[in-house]
Amino acid sequence: MFPKKNILSAAGILVATLLASACSSGDDSGSPGTSGSGGSASPATVSIEPADANGMNPTTPIVVKAANGKLTGVTVTSAKGKPVEGKIAPDGLSWTTSEVLGYGGSYHVVAHAQGADGKPVEKAGDVTTITPKKEANANLIPAPSAAKSAGVGVGQPIVFSFATPVKNKAAVEKALSVESSPKQEGGWYWIDDKNVHYRSKEYWQPGTTLTVSAKIYGVDFGNGVFGAEDRTETYKVHDSWIGKADGNSEQMQIFHNGQMVKSMPISMGKDATPTHLGPHVISDKQANYTMDSCTYGVCPPDPKAYRSNEKFSERISNDGEFVHENPNSVGQQGSSNVSHGCINLNAANAQWFFDNFGLGDVVEVTNSGGPQLPLWDLYGDWSKSWPDWQKGSAL
């Protein structure tokens, strides 16, 4: 006979053995399509993003995602049946468009996936993009075609001009860039609601390459206006040509890459029509040009009105200031100021100046008796100190 303690222990072992047998009875090897808890595997679910895709920005990619499975194929087609390019991620969990969509477009999405349960799943949806009230182009000044052959001078600002006012200036400015090589500090200034200028802290270094970009497609300008298309252009800065016109000495000294190479007698604006002070930038040149004061609002019978044909004319402001030949003032050149605001030269000096100076080159005017060249008066950009220029940014 066993002691009572041993009998109870044996009984406990027997019960434990029976319970263990009951827990392990049946086929516990599992089978495809079952989970560890005995339930079926979940089917794949597919989502299309953005979920609220009625009027999305065309720069927003369409993304298809799979859960509890993997994507096996995705097609996106436009309303015209054109396929949109995209790619499935290596893990098979997502698909993303790889091309930018168009404005006012409708796109049909069909996605296929296979779940962990081995069953196929299909998901379809539609996406539409916004239709702008108006599209804005980024018009560049100077025109790249005009600057391509000879390049631009060291004083040339880069200008983006828009046909419609820009409300969201910060958003647009973020989409604009000027990359200089070698690197030079620069910044944007909004002259008004349609024009934004970029200049360097100091004049550009000769030989600089400027890569100018406007990544404005899809950018909201405000008031229902969106950027029409991106563009990138390249400018080359040529040698430094700077004319220093002094109203006291009635001379203009010419500096090429920092070295004075010539001095020529001049006649600037008379007391009634003084030449503006400060740095001027050449924005246009014409071998033969008709100067008409009516172009800036001074028309007959106003005694200040004039109309004349001049040679070797280079514009240095938008309100009628030029460097040009004037045979009628040769007697005063080097001694007195008698013009309507232009800088007059004799024939030989005018042709020499015309042959050597072009877009973006600089004429610095001192002691003219006139006011500072206004910022808006193409180009009064250099009239601003660098700290004041930086205040013109929207960022």
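This is a predicted model, so every value here is computed, not measured. (Residues numbered from 1 in each chain as written. Predicted model: local features only at pLDDT ≥ 70, side-chain atom pairs only at ≥ 80, totals over all residues. Heavy atoms only, no water.)

Undergrad: Let's hear about the pattern of salt bridges: which residues, and what values?
TA: Enumeration over the complete set of coordinates arrives at 6 salt bridges. Residue glutamate 49 pairs with lysine 65 through a salt bridge whose shortest N-O separation is 3.7 Å. Of this pair, glutamate 49 sits in strand E1 (residues 45-49) while lysine 65 sits in strand E3 (residues 63-67), and the two are 16 residues apart along the sequence. Owing to a relative accessible area of 30%, glutamate 49 belongs among the partly exposed residues under this scheme. In this structure lysine 65 comes out as partly exposed when scored by relative accessible area, which is 36%. For glutamate 233, the salt bridge identified is with arginine 231, shortest N-O distance 3.0 Å. Exposure remark for glutamate 233: the relative accessible area of 23% places this residue in the partly exposed category. The exposure class of arginine 231 is partly exposed, given its relative accessible area of 26%. (Salt bridge = Lys/Arg side-chain N within 4 Å of Asp/Glu carboxyl O. Helix = DSSP H or I, 4+ residues; strand = E, 2+ residues; numbered from the N terminus. Buried < 20%, exposed > 50% of the residue type's maximum accessible area, 1.4 Å probe, protein only.)

Undergrad: A description of the UniProt feature "active site" (unreviewed entry) in the protein should follow, citing residues and the corresponding values.
TA: The UniProt feature table records "active site" (unreviewed entry) at His324 and Cys342. Spatial clustering of the annotated residues is evident: they stretch over 19 residues in sequence, but the largest pairwise C-alpha distance comes to 7.5 Å. In this fold, histidine 324 is placed in strand E25 (residues 322-325). Histidine 324 sits in the buried class, given a relative accessible area of 3%. For histidine 324, the contacting residues outside a window of four places in its chain are Met291, Glu310, Lys311, Phe312, Ser313, Cys342, Ile343, Asn344, Leu345 and Ala350. Mapping cysteine 342 onto the fold places it in the loop between E25 and strand E26 (343-345). Residues contacting cysteine 342, with those up to four places away along its chain left out, are Ser267, Met268, Gly269, Thr275, Met291, Gly320, Glu321, Phe322 and His324. (UniProt positions renumbered as here; feature names shortened; annotations may be inferred. Contact = heavy atoms within 4.5 Å.)

Undergrad: Would you mind going over the sheet that holds strand E12 (residues 176-181) in detail, with residue names and values included?
TA: Spatial strand order, E12-E15-E18: 3 strands in an open sheet with antiparallel pairing. Strand pairing shows two members of the sheet lacking a second neighbour, E12 and strand E18 (231-236), which therefore form its edges. Looking at each pair of strands side by side, their axes are set apart by 15 degrees on average, direction ignored. With 6 bridges joining them, strand E15 (residues 209-214) and E18 adopt antiparallel strand pairing. Across the sheet, the residue bridging to threonine 211 is threonine 234, located in E18. (Pairing = 2+ DSSP bridges. Axes fitted to C-alpha atoms, helices over the stretch in contact; angles between N-to-C directions.)

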